[in-house]
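For reference, the chains in residue letters:
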Amino acid sequence: MLMNGNGMDGSAAQIRPRLFGTNGVRGIFGKELTPELVIDLSYSLATYFGKGRIVVGYDGRKSSPVISRLVRSAFNSAGLDVADAGLVPTPCLQFAAKRLGYAGGVMVTASHNPPEYNGIKPIAHDGVEIPREDELLVEDIFYSKRFARIDGNGSQFAEDNAIPSYIDAAISLVDAEKIRSRKLTVVMDAGNGAQAVLAPLLAERLGCRAIVINGQVDGDFPARGSEPTLDNLHALSAAVREAGADFGVAYDGDGDRSIFCDEKGEIYWGDKTGTLLVDHLLKTMDSNGGSSSGGTAKEVVCPINTSMMLSIVAERAGAKLVYTKVGSVEVSREMVRRGSKIGLEENGGFMYGRLNEVRDGAMATALVLDMLASTASGQKLSDLFSSLPKTFQYKAKFKCPTREVANTVVSRCMEHGSPKRVETMDGAKIWLDSETWVMVRPSGTEPLVRMYAESTERQLLDSKVQEYQRLIQETISG
Ligand code: MG
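Residues numbered from 1 in each chain as written. Predicted model: local features only at pLDDT ≥ 70, side-chain atom pairs only at ≥ 80, totals over all residues. Heavy atoms only, no water.

Peer 1: Help me understand the overall build of the protein chain in this model?
Peer 2: Within the protein chain, the secondary structure is distributed over 15 helices and 20 strands. Over its C-alpha trace the protein chain gives a radius of gyration of 22 Å, about what one expects of a compact globule, namely 23 Å for 478 residues. Put simply, the protein chain has 478 residues, and 58% of those count as buried. At a minimum sequence separation of 6, the contacts of the protein chain that also span at least 24 residues come to 70%. For the protein chain, the exposed area adds up to about 18900 Å²; of that, 49% sits on carbon and sulfur atoms. In the protein chain, 54 side chains carry a positive charge and 60 a negative one; their mean positions are 2 Å apart. (Helix = DSSP H or I, 4+ residues; strand = E, 2+ residues; numbered from the N terminus. Rg over C-alpha atoms; globule rule 2.2 N^0.38 Å. Buried < 20%, exposed > 50% of the residue type's maximum accessible area, 1.4 Å probe, protein only. Contact = heavy atoms within 4.5 Å. Areas by Shrake-Rupley, 256 points an atom, 1.4 Å probe, with all protein chains shown as cover. Lys, Arg positive; Asp, Glu negative; His and termini not counted. Charge placed at Lys NZ, Arg CZ, Asp CG, Glu CD.)

Peer 1: Which parts of the structure should I look at to understand the domain arrangement of the protein chain?
Peer 2: One widely used convention gives an interface's size as the accessible area the parts lose upon coming together. By domain assignment, the protein chain separates into domain 1 (12-162), domain 2 (178-267), domain 3 (268-359) and domain 4 (392-477). Here domain 3 and domain 4 have C-alpha centroids that lie 25 Å from each other. Facing the 13 residues of domain 3 at the interface are 16 residues of domain 4. Between domain 3 and domain 4 lies a buried interface of about 1100 Å² when both sides are counted; carbon and sulfur atoms form 60% of it. When the buried surface of domain 3 facing domain 4 is broken down by residue, Ile304, Asn305 and Met308 rank first, second and third, together holding 53% of it. Inspection of the region where domain 3 meets domain 4 yields one salt bridge. Residues Lys395 and Glu346 are paired through a salt bridge, measuring 2.8 Å at the closest nitrogen-oxygen approach. On the surface where domain 3 and domain 4 come into contact, there are six residue pairs in polar contact (both at pLDDT 80 or more). (Domains from an automatic or database assignment. Buried area = accessible area lost by both parts, 1.4 Å probe. Salt bridge = Lys/Arg side-chain N within 4 Å of Asp/Glu carboxyl O. Polar contact = N/O pair within 3.5 Å; in protein donor to acceptor, adjacent residues only side chain to side chain.)

Peer 1: Looking at this structure, I do not really get unusual backbone geometry. What am I missing?
Peer 2: Residues apart from glycine generally show negative phi values, whereas peptide bonds are mostly found in trans. Despite not being glycine, Lys145 has its phi angle at roughly 55°, a positive value. Among the structural elements, Lys145 can be located in the loop between α4 (132-144) and β6 (156-158). Positive phi values are uncommon outside glycine, yet Asn192 reaches one of about 60°. The exposure class assigned to Asn192 is buried, which follows from its relative accessible area of 5%.

Peer 1: What is the right way to read the coordination of the magnesium ion from this model?
Peer 2: A four-donor tetrahedral metal ideally has 109.5 degree angles, and a six-donor octahedral metal ideally has angles of 90 or 180 degrees. Around the magnesium ion, the protein contributes the donor atoms Ser111 (OG), Asp252 (OD), Asp254 (OD) and Asp256 (OD), at 2.0 to 2.2 Å from the metal centre. Counting the intervening residues between successive donors of the magnesium ion yields the motif S-x140-D-x1-D-x1-D. (Donors = N, O, S within 2.8 Å, 3.2 Å for Na, K, Ca; no water.)

Peer 1: Would you take a moment to explain the side chain of Thr109 for this structure?
Peer 2: Here Thr109 lies in the loop between β4 (104-108) and β5 (117-124). Look at Thr109 and you get buried, because its relative accessible area is 3%. Of note is the side chain of Thr109, whose polar atom sits 2.7 Å from the side chain of Asp59. A polar atom in the side chain of Thr109 sits 2.8 Å from the backbone nitrogen of Ser111.

Printed below as a string of C-alpha cells:
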C-alpha cells in the first residue's frame, strides 16, 4: 500500500514515504496510484533496469490496460523497448521475464485487493520480484528524479508467446502421460481473475475435463471477490460435488495463489495443500535420484510462521526446512539464493523452483494433478488430506496506536513467562514447548501486531492464546 503522503511536497528529503509495500507499489488508481506516479515510477524502473527489453503484463482490473499503456509509454520515453504480454496471470508474466529473453518485467496488478486498487510489481530478469534492497534504489531514483532519460523513443511489440510457452514448460515438469491416463475432472474457480486465460488450458492439455466457474474476467470481481478464503468458495464446493469432480481449485485475482478443495467439496487452507505437495515432491525427487538441476533438492523454504504440519512432514522425508521472514518475496529470493526447488506461503502461494521461484496457482494445480495421478487407483484427495499430521492454529491482529506500541507489544511478549526458546527472525516466535508456539510481529505496512499460534494440543493452545491476548491488550491500552 502507498503510505500516506505527509511530506510528499517540499520536505520529501526528510520524510520520505515508502512506495513499495510487501508486494510492489499499490494504491487506489487515480487517488494514491496517480498517472503521474505511474509514469515517474516507470522512469525510475527504466533507469534501474538500464537497458534491454522489458515485458509488461496486466491483470483483469478495469484500470489495468490504461496503466499498462502508461508504463509502456514511459519506458519507451526512457529509451527502452517494451513487449506487451497483455492480460496474463502474474506467474506467467514472471515466467516470460525469465525465459523469453527480457531484461526485466512489470506486472500491473493489485493481486487480491478490492477493485479500485491497482499496482506495479517490478520483476527482475531472473523472473522473481526485484530484491528488497533494490526497491530502495528505485525509490532513491523516484524521489531524486534522476531519470537516465525521458526523451527516448523505444519501440513496442506484442509478446504472444507468454501463455503457450508457460504451458509447455509447466507440462514438461509433471508426468503428463500418467495424468492424461487418469482422465481427471477439475473444477476451476477463476474468481473473475487472470487465471481464467491460462489454468483451464493447462488442465485440458493434461487430458483433464476442466469445468470453469466465474471464468469471465471482470475487474469488479462480482462473483466472490478477488481473494479466495475458507468462507467464500461455496460455489466451488457445490460445483465439485455436482460434477463428481476429483478436486476443485480457486485462484486469487492475479493467479499466483491457489486454494484447493477435495472431491467432497471441503476447502483446505494453503498450508495443508502445500504440505501434501511438499510430501509428493520430496518422494518424487527421491525416485528421480534427486534434483537433476544441481540445486539442493531436499529442502523447503517457508516463512517462520508456517505450520508445524510442514516441518513434521518434511522431517519424515529427510528434508530440511529453511525459514525466512514473513512475505513471499523473502521466500522467493531465498530460494534463488540457495537454488532451492520448493517454497511455500501458507495463504496458497506454492512455489516450484524448477519452473520459477514464485507463487504460482497454475503450476500448483499441475502438481496436484501429478500427485493425484501418482496415487494408488481409488485414492481420493480427501484421503491424502486426512493423512496429514493434526495441529491446531490460531491467528489474530491487534490495532496499535503507533508502530512504537507495536514494538513494545513484541518485547513485552518476549519477556513474559519462561519460554523454552525465542526466535527473533521476524518479531518473536516464542516456543512454549517443542510442539506449542506463539508468534507476534509488527506489520511492515500498518500500525498493528499480528499474532499466530499453533499447538498439537487444543486446550493448551486455547489457554496460551488467552494469556498472550490479555498481555497484548494490556500493553496496547497502556
Ligand atoms: Mg496474488
